[in-house]
Amino acid sequence: MKKFVVILCAALCLLTGCKGEQYETVTDVWSPTPLPEAKEIVLVLPNEVATPTMEQGNEALYLCSRYMLTTHITEGGDIKDTILQTTGFAMEQLSPMATQAGDYKRYDCVWVAAGEDGDQVCRAAILDDGYYHYILTASTESSGAGKLQETWQDIFDSFDLK
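Below or above, wherever it landed, is the structure these notes cover. All values derive from a computational prediction rather than experimental measurement.

### Focus: the environment of Gln100
Assignment of secondary structure puts Gln100 in strand S5 (residues 97-101). Separated by 3.3 Å, the side chain of Gln100 and the backbone oxygen of Gly102 make a polar contact. Of note is the side chain of Gln100, whose polar atom sits 3.3 Å from the backbone oxygen of Tyr104.

Structure (structure tokens):
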């Protein structure tokens, strides 16, 4: 009988709950911090491309007599994915030049792609503010790329955010 009483007391001690601290459970609701609003892309364009030919959301297309420019804003993340989506090439294939442009990381790359009328020379610059990727691309036929080097350099040098 004594064994039964001892076992009963032990069982009662184990079955009683202790009131203590409350802990977080898996049913708690987590709400992510919303992204800040995207900045505006700033470019100094030649007179022939004063306004975009087409605009839709965060994208703009500028058609010039010898080349085409585009601007695009995407959510940030892995720069390798953005480069692949922008150029069609993996980051390792292009070896983009990574620099610091003020408060932003900047990635510049150049590639050649097949076009309807022959090879196209393309250039891209991507600014990364930690939240978004701001993308500027330019493309032209390979035969006229040398003549546009100075024009493109001026445009890409002016690429900034406000």
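### Some remarks on the nonpolar core
In terms of nonpolar packing, the biggest core is built from 22 residues, with Ile41, Tyr67, Tyr134 and Phe159 touching the most fellow members. The set of elements that each furnish at least two residues to this core consists of strand S3 (59-63), strand S4 (67-75), strand S7 (118-128), strand S8 (132-141) and helix H4 (149-158). A total of four residues in this core trace back to one element, the largest contributor, which is S8. Other than its neighbours up to four places away in sequence, Tyr67 contacts Pro46, Glu48, Tyr62, Ser139, Thr140, Leu148, Thr151, Trp152 and Ile155. Core analysis: the second largest hydrophobic core is formed by eleven residues, Leu94, Tyr107, Cys109 and Ile126 among them.

### Observations concerning the sheet that holds S4
Spatial ordering of the open sheet is given by S2-S3-S4-S8-S7-S6-S5, a layout of seven strands whose pairing is antiparallel. Of all strands in the sheet, those bounded by a partner on one side alone are strand S2 (54-56) and S5. On average, adjacent strands in this sheet sit at an angle of 15 degrees to one another, irrespective of strand direction. Sheet topology note: the S2/S3 ladder contains three bridges and is antiparallel. Within S3, the position partnered with Glu55 by the bridge is Ala60.

### Points about the side chain of Asp108
Within the element layout of this structure, Asp108 appears in strand S6 (residues 104-115). A polar side-chain atom of Asp108 sits 2.7 Å from a polar atom in the side chain of Arg106. Those residues in contact with Asp108 that sit more than four places away from it in its chain are Pro96, Met97, Arg123, Ala124, Ala125 and Phe156.

### Some details on the pattern of salt bridges
Scanning the entire structure with this criterion turns up three salt bridges. Close ionic contact of Lys39 with Asp129 constitutes a salt bridge, the shortest N to O distance being 3.6 Å. Taken together, the positions of Lys39 in the loop between helix H1 (2-15) and strand S1 (41-42) and Asp129 in the loop between S7 and S8 put the pair 90 residues apart, joining distant regions of the chain. Using a relative accessible area of 31% as the deciding quantity, one classes Lys39 as partly exposed. Taking the shortest distance from any N to any O, the salt bridge between Lys80 and Glu92 comes out at 3.5 Å. Here Lys80 is found in helix H2 (residues 79-87), whereas its partner Glu92 is found in helix H3 (residues 91-94), with twelve residues between them in sequence. Assessed through its relative accessible area of 41%, Lys80 is described here as partly exposed. Using a relative accessible area of 56% as the deciding quantity, one classes Glu92 as exposed.

Criteria and cut-off values
Along each chain, residue indices are assigned from 1 in the same order as the chain's sequence is written. Local features in a predicted model are, by the rule used here, given only for residues with pLDDT of at least 70; side-chain atom pairs are given and counted only at 80 or more, and totals for whole chains, interfaces and linings are based on all residues. Each side-chain value is worked out from all heavy atoms of the structure, with water and hydrogens disregarded. Strands here mean DSSP runs of E at least two residues long; helices mean DSSP runs of H or I at least four residues long; both are numbered from the N terminus. N or O atoms within 3.5 Å of each other form a polar contact, as long as, within protein, one can give a hydrogen and the other can take it, and as long as residues adjacent in sequence are counted only when both atoms are side-chain atoms. Nonpolar cores are built from buried Ala, Val, Leu, Ile, Met, Phe, Trp, Tyr and Cys residues. Side-chain atoms within 4.5 Å join them into one set. Each residue's exposure class comes from its accessible area (1.4 Å probe, protein chains only) as a fraction of the maximum for that residue type: buried when under 20%, exposed when over 50%, partly exposed otherwise. The criterion used for residue contact is that any of the two residues' heavy atoms lie within 4.5 Å. DSSP calls a pair of strands paired once it identifies at least 2 bridges connecting them. Fitted lines through C-alpha atoms serve as axes, helices being fitted only where they are in contact, and the angles separating the N-to-C directions of these axes extend from 0 to 180 degrees. Salt bridges are defined by distance alone: a side-chain nitrogen of Lys or Arg within 4 Å of a carboxyl oxygen of Asp or Glu.

This is a description of form; function is not addressed.
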